[in-house]
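# Overview (structure and organization)
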2 protein chains.
Amino acid sequence: MPIRCSLDEARALARDCLLANGCDEANAEAVTETVMAAERDGCPSHGLFRLPGYVAALRSGKVDGKASPIVAEAAPGMLRVDARGGFAPLALQAGREPLIEAARRQGVAALGLVRVHHFAALWIEVESLVAAELCALACTAYMPAMPPAGGKQPFFGTNPMAFGWPRRDGPPMVFDMASAAMARGEVMIAAREGHELPPGVGLDAAGEPTTDPQAILDGGVMLPFGGYKGASIAMMVELLAAGLIGERFSFEAAEQDNKDGGPPRGGEFILALDPARLGGEDWQAHSEAFFERMLAIEGVRLPGARRHGTRARTPDSGIEVPDALHAKIRGLTEGAP
Amino acid sequence: MPIRCSLDEARALARDCLLANGCDEANAEAVTETVMAAERDGCPSHGLFRLPGYVAALRSGKVDGKASPIVAEAAPGMLRVDARGGFAPLALQAGREPLIEAARRQGVAALGLVRVHHFAALWIEVESLVAAELCALACTAYMPAMPPAGGKQPFFGTNPMAFGWPRRDGPPMVFDMASAAMARGEVMIAAREGHELPPGVGLDAAGEPTTDPQAILDGGVMLPFGGYKGASIAMMVELLAAGLIGERFSFEAAEQDNKDGGPPRGGEFILALDPARLGGEDWQAHSEAFFERMLAIEGVRLPGARRHGTRARTPDSGIEVPDALHAKIRGLTEGAP
């Protein structure tokens, strides 16, 4: 049976667990806000469900829960945020204002987040840039899970990419999608709940198509969305989030990870663009006309709309946490070393 | 029967036709080089096949064959290239060096190409930036051909996106793909040659799935690759290549086009990033190790490899031009107004 919690109760659950397991206040707050953004928006695969992984990485010593990020300018339009072996949320907070300033000044700016352990959804950082009236793109490479086009063995991570655009009224347009036909978190949840998957999501350990999520997780591979085109997107994410910023490709992250179940060390690439510089004074009216026309088509809605609908409700309704997960997090808090 | 031509013969065929139909020397040269890059690389859908469309746009007066592009700095990292109603190739030439300089100086730079008529493949401009050791991305919106996720009526263009990364040895890695399940040029060629399409490429005018290319072209719609994820990529292209740079969205381009068969007015977005700034001194060895590992997987090859293979052969082998197309281009040259 799921346990119904208020957002404040769930927040305390996460925060206490992180503090008990070696996070300092700043990191515990930042990770908790990231976890709670997912819970608040109805994305449980990136919410409390990830907490045992965060804790595993703290307990193994892979991640420094007290890391203090450093922001440096690598070029007038390029920032490096060194997370110094910590989780991503505090480092993203540190980089946000400098990236916004650089994008406003230069028209476009990029941020390379390095020596970081990223375990969350990307729409969170994209939305925070879009709130500053910027167009933003973020991507990160993760553990090998998908073959390149033509191959059968895992090489690319599920490699999510998020993109956002500010809207004049109502919530921003932000999409966040794995390069895989399905997000790994969704496959993990399907496995946990015993659901079958649609065809085309992955191959089993023998390289054969399967609809069993556990068969994909047990030595199989995820498949990119849309065949070779999705595979190209996954490759682009590797090159931006590892090659360009000097961090680990998915295959390197896997080779060097301690397999504690927490996020491996990796990098994240973020791009911010100021639409006011080339888009003209009426850039926002122009893009609003685009969205209006798009939404006038029967059956069409904007990516992210469901998230914002849920966000409006959860402060009153609270959220449901699976009882096993709730007990596990309590156990991790009380049984902390 | 196809007619076998040397590259020089084909080049002269294109150039004479453009000059006869109102291009000045500079524009005729630039468009010809773009057409010939496609022919040389074995991409006939973007080669001489497009020439009748170029000519139609010149004859109708929609495109100025003597346009002289202007490059301006909109921000330290953002350039605007105003093609002044001309075709894209000369404007892209004008913007190339300033964009390379800006990317080297700023780390990242964007270029908005506006008041332009783009009718070619994007890998050409991406490859020219990658040749300068930059990572590059380009995209452009075109005439409405695909519905947003959930819809049935055309709204997004087929919206190609190209991305490239420099390699130390051998040809650069450049992919160039439509957001559609298949490029519109390929559907046009399939229609001309009477080939059936694989399922999932489009809907007919009644909104039903079809494998008949002509049924898609006759009032039907193309479908994005990979379902709603490809639709999100197509939307991103609209926002970058129209919203961000202040040019026409696909739906606007269609409403304002004179339907002469040539390319509508639109825009192109190009991003260039310098991997040396964040990627470290060994950035190239790092990405080479990635490509080596990827290519060691059975069945895997890099996007663009076929193009470069063809490029090595066509200087000797020449190319085949369908006789009807050859005669048509001759007719357009000799019968020029």
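Residues numbered from 1 in each chain as written. Chains lettered and ligands numbered in written order. Predicted model: local features only at pLDDT ≥ 70, side-chain atom pairs only at ≥ 80, totals over all residues. Heavy atoms only, no water.

The next point concerns helix H3 (residues 51-59) of chain A. Owing to its 3.6 residues per turn, the α-helix aligns residues three or four sequence positions apart on the same side. Residues and elements named next belong to chain A. Counted residue by residue, H3 has seven buried out of nine residues, so it is predominantly covered. Those residues of H3 that fall on the buried side of the exposure criterion are Leu51, Pro52, Gly53, Tyr54, Val55, Ala57 and Leu58. Buried residues along H3 sit in contact with helix H1 (7-20), helix H2 (25-40), strand E3 (78-87) and helix H13 (323-334). Positive backbone phi, approximately 85 degrees, marks glycine 61, located one or two places after H3. (Buried < 20%, exposed > 50% of the residue type's maximum accessible area, 1.4 Å probe, protein only. Helix = DSSP H or I, 4+ residues; strand = E, 2+ residues; numbered from the N terminus. Contact = heavy atoms within 4.5 Å.)

Listed as interface residues are 77 residues of chain A and, on the opposing side, 77 residues of chain B. Here chain A meets chain B over a buried area of about 6,000 Å², counting both sides, of which 75% is carbon and sulfur. For chain A, the biggest contributors to the area lost against chain B are Lys229(A), Leu278(A) and Phe290(A); these three give 14% of the whole. Where chain A meets chain B, there are two salt bridges. Between the two partners, chain A and chain B, sit 16 residue pairs in polar contact (both at pLDDT 80 or more). At 12 residues, the largest contribution of residues to the side of chain A that touches chain B is made by helix H8 (residues 228-244) of chain A. (Buried area = accessible area lost by both parts, 1.4 Å probe. Salt bridge = Lys/Arg side-chain N within 4 Å of Asp/Glu carboxyl O. Polar contact = N/O pair within 3.5 Å; in protein donor to acceptor, adjacent residues only side chain to side chain.)

Looking now at the environment of Gly200(B). All names here are of chain B. Structurally, the position occupied by glycine 200 is in the loop between helix H6 (184-193) and strand E8 (202-203). Residue class for glycine 200 comes out partly exposed when judged on its relative accessible area of 45%. When the C-alpha atoms of glycine 200 and phenylalanine 290 are compared, they prove to be 32 Å apart, with 90 residues separating the residues in sequence. Sequence-distant contacts of glycine 200, defined by excluding residues within four places in its chain, comprise Ala181 and Leu223.

Residues and elements named next belong to chain A. Considering all chains together, one arrives at 32 salt bridges over all chains under this definition. A salt bridge links glutamate 25 to arginine 15; the nearest nitrogen and oxygen atoms lie 2.6 Å apart. Pair noted here: glutamate 25 is in helix H2 and arginine 15 is in helix H1, with a separation of 10 residues, a long-range link. Residue lysine 62 is joined to aspartate 260 by a salt bridge in which the shortest nitrogen-to-oxygen separation is 2.8 Å. Residue lysine 62 is found in the loop between H3 and strand E2 (70-75), and its partner aspartate 260 is found in the loop between helix H9 (250-256) and strand E11 (266-273); the two are separated by 198 residues along the sequence. If you follow the salt bridges from partner to partner, you end up with Arg40, Asp41, Glu127 and Arg311 in one network.

Residue and element names in this part refer to chain A. The strand order across the open sheet formed by seven strands is E2-E3-E4-E11-E5-E6-E7, and the pairing between neighbours is mixed. Whereas interior strands pair on both sides, the edge strands pair on one side only; in this sheet they are E2 and strand E7 (173-177). Neighbour-to-neighbour, the strand axes of this sheet turn through a mean angle of 15 degrees, independent of strand direction. Note: strand E4 (residues 108-117) against E11, seven bridges, orientation antiparallel. In the sheet register, alanine 109 faces E11, and the bridge partner there is alanine 272. (Pairing = 2+ DSSP bridges. Axes fitted to C-alpha atoms, helices over the stretch in contact; angles between N-to-C directions.)

Core analysis: the largest hydrophobic core is formed by 107 residues, its most contacted members being Phe269(A) and Phe269(B). Other than its neighbours up to four places away in sequence, Phe269(B) contacts Leu273(A), Ala110(B), Leu111(B), Leu137(B), Ala138(B), Cys139(B), Leu240(B), Ala241(B), Leu244(B) and Ile245(B). (Core = buried A, V, L, I, M, F, W, Y, C linked by side-chain atoms within 4.5 Å.)

Here we take up the side chain of Glu252(B). Assignment of secondary structure puts Glu252(B) in helix H9 (residues 250-256). Notably, Glu252(B) is buried but unbridged: the nearest opposite-charge side chain belongs to Arg248(B), and the N-O separation is 6.3 Å. Residues contacting Glu252(B), with those up to four places away along its chain left out, are His286(A) and Glu247(B). (Lys, Arg positive; Asp, Glu negative; His and termini not counted.)

Residues and elements named next belong to chain A. Taken together, three strands build an open sheet; the order of strands is E9-E8-E10 and the sheet is antiparallel. The open sheet has two free edges, formed respectively by strand E9 (209-210) and strand E10 (221-222), since each of these has just one partner strand. In this sheet, E10 lies alongside strand E8 (residues 202-203) in antiparallel orientation, the contact comprising two bridges. Its bridge partner lying in E10, leucine 203 is registered against valine 221.

The subject of this paragraph is the packing of helix H1 (residues 7-20) of chain B against helix H13 (residues 323-334) of chain B. Residues and elements named next belong to chain B. Relative orientation of the contacting elements H1 and H13 amounts to 35 degrees, with a least axis distance of 8 Å. H13 is crossed by H1, and the crossing has left-handed handedness. From H1, Leu13, Asp16, Cys17 and Ala20 reach across to H13, where they touch His326, Ile329, Arg330, Leu332 and Thr333. Counted by class, the contact of H1 with H13 contains five nonpolar, two polar and two charged residues. (Left-handed = near helix turned anticlockwise from the far one by under 90°. Nonpolar A, V, L, I, M, F, W, Y, C, P; charged D, E, K, R; others polar.)

With that out of the way, let us pick up unusual backbone geometry. The backbone of Arg115(B) sits at a positive phi, close to 50 degrees, despite the residue not being glycine. Residue Arg115(B) is classed as partly exposed on the basis of its relative accessible area, which comes to 35%.

With that settled, the discussion passes to the relation of the copies chain A and chain B. Mapping chain A onto chain B leaves a residual RMSD of 0.0 Å; the transformation is a rotation of 180 degrees accompanied by 0.0 Å of translation along its axis. Here the copies are linked by what is in effect a two-fold axis. By C-alpha distance to the rotation axis, the residue of chain A lying nearest is Gly226(A), at 1.8 Å. (Least-squares fit on C-alpha atoms with pLDDT ≥ 70 in both.)

Summed over the entire model, instances satisfying the criterion amount to 23 aromatic pairs over all chains. Ring centres of Phe163(B) and Phe175(B) lie 5.8 Å apart, and the angle between their planes is 35 degrees; on these two criteria the pair is classed as tilted. Of this pair, Phe163(B) sits in strand E6 (residues 161-165) while Phe175(B) sits in strand E7 (residues 173-177); the two residues are 12 residues apart in sequence, bridging distant segments of the chain. Phe175(B) carries the same exposure label as Phe163(B), and that label is buried. Put simply, the rings of Phe155(A), Phe156(A), Phe249(A), Phe251(A), Phe290(B) and Phe291(B) pair up and form one aromatic cluster. The aromatic ring of Phe119(A) is capped on one face by Arg50(A), whose charged end is 5.0 Å from the ring centroid. (Phe/Tyr/Trp six-rings, centres within 6.5 Å; stacked < 30°, edge-to-face > 60°. Lys NZ or Arg CZ within 6 Å of the ring centre and 35° of its normal.)

Listing the buried residues of helix H6 (residues 184-193) of chain A in full gives Gly185(A), Val187(A), Ile189(A) and Ala190(A). Elements in contact with the buried residues of H6(A): helix H7 (213-217) and E10 of chain A.

Turning our attention to the side chain of Ser287(A). Within the secondary structure, Ser287(A) is located in helix H11 (residues 283-295). When sequence neighbours within four positions are dropped, the list of residues in contact with Ser287(A) reads Trp165(A), Leu239(B) and Phe249(B).

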